[in-house]
Amino acid sequence: RGYTRYLTLYSIIHHGVKGVFDPDDVAVIVTADEVGLVTIKQEIGDAALLAIPGFFWVVVCYLFTNYYHERYGGNFIDAFLGR
């Protein structure tokens, strides 16, 4: 890029008590690398990797209930309650 991006971070929880200004509590200036800032593309990729096992179990649940319905004629709740 040719430049360094700096962030100014300030939290009233960590830097002040109930909004009371303390001269010693100033905002922190850091780079994106120091705080572990990631792009939205990386966040979406990580979320997709976490969603794959969830989708697997949703499909297993759907197949199980369809099998139960075809074999015994019960509904979704019956399949889990063992009726």
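Novice: Mind laying out the overall build of the protein, listing which residues take part and the relevant values?
Specialist: Assigned secondary structure in the protein consists of four helices and two strands. Helices and strands appear in the protein in the N-to-C order β-α-β-α-α-α. For the protein, buried positions account for 12% of its 83 residues. Sequence-distant contacts in the protein: of pairs separated by 6 or more residues, those separated by 24 or more amount to 24%. Summing over all exposed atoms, the protein offers an accessible surface of approximately 7500 Å²; the carbon and sulfur share of this is 65%.

Novice: Summarise the side chain of T31; cite the residues concerned and give the values.
Specialist: The topology assignment puts T31 in strand β2 (residues 28–31). The residues touching T31, leaving out its near neighbours within four places in the chain, are T4, R5 and Y6.

Novice: Before we move on, can you summarise helix α3 (residues 40–72) with the specific residues and values?
Specialist: Compared with the 48 Å implied by 1.5 Å per residue over 33 residues, the 47 Å span of α3 between its first and last C-alpha is a close match. Taking the largest bend as the criterion, α3 deviates by roughly 30 degrees, centred on A51, and proline P53 comes between one and four positions later. A positive phi of about 80 degrees marks G73, the residue just after α3.

Novice: Outline the confidence of the model for the protein, supporting the account with residue identities and numerical values.
Specialist: Of all residues in the protein, 78% have pLDDT values of 70 or greater, and the mean over the chain is 81. By mean pLDDT, the top-scoring element of the protein is α3 (90), and the lowest-scoring one is helix α1 (residues 12–15) (65).

Novice: Requested: an account of the packing of aromatic side chains, with residues and values cited.
Specialist: Summed over the entire model, instances satisfying the criterion amount to two aromatic pairs. On the numbers, 4.9 Å between centres and 75 degrees between planes, the contact of F56 with W57 is edge-to-face. What makes F56 partly exposed here is its relative accessible area of 48%. Both rings, one in Y68 and one in Y72, keep their centres 5.1 Å apart while their planes meet at 45 degrees; by these two values the pair is tilted. Of this pair, Y68 and Y72 both sit in helix α3, four residues apart, which is roughly one turn of the helix.

Novice: Account for a nonpolar patch on the surface, naming residues and giving values.
Specialist: Together, F64, F76, I77, F80 and L81 make up an exposed nonpolar region whose accessible area comes to about 520 Å². The biggest single contributor to the nonpolar patch is helix α4 (residues 76–81), with four residues. Structurally, the position occupied by L81 is in helix α4.

Novice: Account for the environment of F80, naming residues and giving values.
Specialist: On the secondary structure map, F80 appears in helix α4. Counting along the chain gives 15 residues from F80 to T65, while the straight-line C-alpha distance between them is 8.4 Å. Apart from residues lying up to four places away in sequence, F80 is in contact with C61 and T65.

Criteria and thresholds
Residues numbered from 1 in each chain as written. Predicted model: local features only at pLDDT ≥ 70, side-chain atom pairs only at ≥ 80, totals over all residues. Heavy atoms only, no water. Helix = DSSP H or I, 4+ residues; strand = E, 2+ residues; numbered from the N terminus. Buried < 20%, exposed > 50% of the residue type's maximum accessible area, 1.4 Å probe, protein only. Contact = heavy atoms within 4.5 Å. Areas by Shrake-Rupley, 256 points an atom, 1.4 Å probe, with all protein chains shown as cover. Expected span 1.5 Å × (residues − 1). Bend = angle between axes of the 7 residues up to and from the residue. pLDDT = per-residue confidence, 0-100. Phe/Tyr/Trp six-rings, centres within 6.5 Å; stacked < 30°, edge-to-face > 60°. Patch = residues over 30% accessible without salt bridge, like charges linked within 9 Å, V, L, I, M, F, W, Y side chains within 5 Å. Salt bridge = Lys/Arg side-chain N within 4 Å of Asp/Glu carboxyl O.

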